[in-house]
Amino acid sequence: MKRHIKFGNDKFELYLSEKQILARIIKLAQKINKDYKDRVPIFIGILNGSFIFMSDLIRHIKIDCEVDFLKLSSYGDAKISSGHVTLLKDLNATIGGRDIIVVEDIVDSGLSIDFIKKLICLHKPKTFKIVSLLYKKDAVKINVKIDYIGFSIPNDFVIGYGLDYMQKVRNLPAIYKLVDKG
Ligand code: PRP
């Protein structure tokens, strides 16, 4: 695994390795398996960023469950949130009366997750919880309770493992942080 990568003139450094990410995901899945024993939750992934995290997490979930996706857009190609969230793909599943677990790759300002929580709660689920692989504790502007956090991280720009840089590099198997803006 590469320790440093360059993208244009921007330099990125390895931040979380594949091994570290997987070890943490297994722990999160074990906790969820225990908390949802004898229930059938619906995992709702937020596209695009969460698709890799969702696929790794779900393969360590041992209880019966369903999977669905929502697609939002707030950032476009910018590195910081535009502060505007729009819904691009709605849910297929009926979520009223169900146990819902929203799956996010990252909570940054909290705007997206706040929007999602309000949207889903309109449908009156039985329970509502959130799992996010990354949580930017110093960037959060709207406080929404995140029930399962993979890694609480500083306010660095991070890419890879589903997180994009101008829609690219989502396929990097590890997470890198920007260290030098060229
Ligand atoms: C990213 C990420 C979260 C959101 C977090 O999505 O996947 O959904 O931003 O930021 P926030 O807490 O400041 O709202 P983005 O809108 O970049 O789309 P993507 O998932 O397609 O990359």
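Above: the structure in question.
Let me begin by describing the structure that accompanies this report.

1. Regarding the sheet that holds strand β3 (residues 42-47)
A sheet is described by the order of its strands in space; here six strands give the open sequence β5-β4-β3-β6-β7-β8, paired in mixed fashion. Looking at which strands have only one partner, the edges of the open sheet turn out to be β5 (86-89) and β8 (148-153). Ignoring which end each strand starts from, the neighbouring axes of this sheet average 30° apart. As judged from the six bridges shared by β3 and strand β4 (residues 66-73), these two strands associate in the parallel manner. What sits directly across from I42, in β4, is E66. Contacting β3, β4, β6 (99-107) and β7 (127-136), helix α2 (residues 51-58) runs over the sheet at an angle of about 155° to β3.

2. Re the pattern of salt bridges
Pairing between side chains of opposite charge can happen when their charged atoms approach one another. Scanning all chains against the criterion turns up 13 salt bridges. Between D56 and R59 there is a salt bridge, with the nearest N and O atoms lying 2.7 Å from each other. The partner of K145 in a salt bridge is D147, and the shortest N-O contact between them spans 3.2 Å.

3. Some remarks on the nonpolar core
When a protein is soluble and globular, its nonpolar side chains tend to lie buried together. Counting residues in each nonpolar core, the largest one holds 27 residues, and the members touching the most others are F53, L57, L133, L134 and I175. Contributions of two or more residues to this core are made by α1 (18-35), α2, β6, β7 and β8. Judged by nonpolar contacts, the second largest core, of 19 residues, contains L72, V102, V107 and V144.

Rules used in this analysis
Residues numbered from 1 in each chain as written. Predicted model: local features only at pLDDT ≥ 70, side-chain atom pairs only at ≥ 80, totals over all residues. Heavy atoms only, no water. Pairing = 2+ DSSP bridges. Helix = DSSP H or I, 4+ residues; strand = E, 2+ residues; numbered from the N terminus. Axes fitted to C-alpha atoms, helices over the stretch in contact; angles between N-to-C directions. Contact = heavy atoms within 4.5 Å. Salt bridge = Lys/Arg side-chain N within 4 Å of Asp/Glu carboxyl O. Core = buried A, V, L, I, M, F, W, Y, C linked by side-chain atoms within 4.5 Å. Buried < 20%, exposed > 50% of the residue type's maximum accessible area, 1.4 Å probe, protein only.

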